[in-house]
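Below are the chains, spelled out letter by letter.
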Amino acid sequence: MEPGGVDVAVVGSVNVDLVATVRSLPLPGETVSAVGFGEFPGGKGSNQAIAAARLGRTVAFVGLTGTDPEGRSVRASLLGEGVDVRQVGTDDTAPTGRAIVLVDEAAENSIVVVPGANGRLAPAHIEGAGEVVRRAKVVVAQLEIPVEAVLAAAVRTTGVFVLNAAPARALPPELLERVDVLVVNEVEYEAVTGRPLLVGATGAPEVPAHLSLPCSLVVTLGGRGAIVLHESVLTRVSAPAVSVIDTTGAGDTFIGALADALSRGEDLPAATHWAVHAASISVGALGATTGMPGRAEVLAAIHRSGGKGVPTTPDLDPPRPGRG
Ligand code: ATP
Ligand code: RIB
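Residues numbered from 1 in each chain as written. Chains lettered and ligands numbered in written order. Predicted model: local features only at pLDDT ≥ 70, side-chain atom pairs only at ≥ 80, totals over all residues. Heavy atoms only, no water.

Draft legend 1. Up close: the sheet that holds strand β2 (residues 15-21). Pairing is mixed across the open sheet formed by four strands, whose spatial order is β3-β2-β6-β7. The strands lining the two open edges of the sheet, one partner per strand, are β3 (36-42) and β7 (109-114). With direction set aside, neighbouring strand axes in the sheet form an average angle of 20 degrees. Two elements, β2 and β3, share seven bridges in a ladder whose sense is antiparallel. In the sheet register, Ala-20 faces β3, and the bridge partner there is Phe-37. (Pairing = 2+ DSSP bridges. Helix = DSSP H or I, 4+ residues; strand = E, 2+ residues; numbered from the N terminus. Axes fitted to C-alpha atoms, helices over the stretch in contact; angles between N-to-C directions.)

Draft legend 2. Highlighting the pattern of salt bridges. One pass over the full model with this rule turns up 14 salt bridges. Arg-86 is the partner of Asp-84 in a salt bridge, and the nearest nitrogen-oxygen pair spans 2.7 Å. Residue classification places Asp-84 among the buried residues on the basis of a relative accessible area of 13%. The salt bridge involving Glu-206 is made with Arg-236; its shortest N-O contact spans 3.4 Å. Within this pair, whereas Glu-206 is found in strand β12 (residues 205-206), its partner Arg-236 is found in strand β15 (residues 233-237), the two being separated by 30 residues in sequence. When its relative accessible area of 27% is taken as the criterion, Glu-206 is described as partly exposed. Arg-236 sits in the partly exposed class, given a relative accessible area of 40%. (Salt bridge = Lys/Arg side-chain N within 4 Å of Asp/Glu carboxyl O. Buried < 20%, exposed > 50% of the residue type's maximum accessible area, 1.4 Å probe, protein only.)

Draft legend 3. Layout of the site of ligand 2. Around ligand 2, the structure places Asn-15, Asp-17, Gly-42, Gly-43, Lys-44, Asn-47, Ala-99, Val-113, Glu-144, Gly-249, Asp-252 and Ala-288. The separation between an oxygen atom of ligand 2 and a polar main-chain atom of Gly-43 is 2.9 Å. Here an oxygen atom of ligand 2 and a side-chain polar atom of Glu-144 are 2.6 Å apart. If ligand 2 stood free it would expose 280 Å²; the protein chains cover 96% of that surface. Every element with two or more residues in the shell around ligand 2 is listed here: β2 and α1 (44-54). The residue inventory of the shell around ligand 2, partitioned by class, reads three nonpolar, five polar and four charged. (Near = heavy atom within 4 Å. Polar contact = N/O pair within 3.5 Å; in protein donor to acceptor, adjacent residues only side chain to side chain. Areas by Shrake-Rupley, 256 points an atom, 1.4 Å probe, with all protein chains shown as cover. Nonpolar A, V, L, I, M, F, W, Y, C, P; charged D, E, K, R; others polar.)

Draft legend 4. Fine view of the side chain of Ser-263. Positionally, Ser-263 belongs in helix α8 (residues 250-263). Taking relative accessible area as the criterion, Ser-263 reaches 9% and is therefore assigned buried.

Draft legend 5. Region of the structure containing the site of ligand 1. Contacts to ligand 1 come from 18 residues, most closely from Asn-185, Thr-220, Gly-222, Gly-225 and Gly-251. A distance of 3.3 Å separates an oxygen atom of ligand 1 from a polar backbone atom of Gly-249. Here Val-276 contributes a backbone N or O atom positioned 3.0 Å from an oxygen atom of ligand 1. Those elements giving two or more residues to the shell around ligand 1 turn out to be α8 and α9 (268-282). Looking at side-chain class alone, the shell around ligand 1 contains nine nonpolar, nine polar and no charged residues.

Right, dumping it as structure tokens:
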């Protein structure tokens, strides 16, 4: 990583989320009436950028929107969060990405993503943003954009490269070997490793310590927290018990907070502890980014959990305004 860069560069998708709340999710062939509806900023990449920015990091987002009003709206949302959007391009051949999100009374969700312009993000765009990626302390990517663009970002990274392998798919070896920290949920774990997450004698999920991955691994486990496999040592982090309204974006809050902590020099188990607590707060509100916490809220959650794992790094930089 070179001096003068942002703390976190996120390369990924940006969507408008069309969120309908329903009493229960429709079965195949069934039509149900919504009890509520709202539009929210979304997309895994944009969500992760916003999560890291709320926690005080300098963040740049690299992505693509359409030339439509939705594109201007998501750009304004990122800018309003202090994210540098100078590397957000526009494509006049595709609309801004959208996600149709259903959330039921039990906080179960079901999501259909319409990639739109996200599907057009190409290695050439990443090349154009090369300096931002090259100079960032932490670079984060997900799989809602073409894998060639993710690889182009990995190749240019000189800091820590974090890959959130979501949505689930097998990874090309040339990408995996450039990853420093791979973050997956239980479904994605199976897609990436080709085997299901094992359950140990205690009923707790297990990751074999000899798993042959060329990188560190974090598996998020929803309300059960996360497991970290780092330098052959397995660490479990429990999530605090919270009231859940909508888990959409919980994984993204986790990634943004993990990137925040890694960019401050925390080690991976400590960063995971921080990320678990940040993500547990995010599930308390409707909309992917609505419940994303600031630093003080995460510290308060850690204190409520007994105070172990308070970060050792000071919050160095106050948030800086984004650039449009
Ligand atoms: P999503 O796709 O819904 O954004 P995900 O499947 O990527 O989420 P999860 O493993 O479900 O990721 O959750 C990520 C993190 O969010 C968990 O590690 C935990 O910190 C927090 N979290 C999720 N659900 C709960 C819950 N019910 N209670 C407390 N924390 C939760
Ligand atoms: O991870 C949650 C996100 O996935 C939503 O905001 C939606 O846009 C989809 O990309």
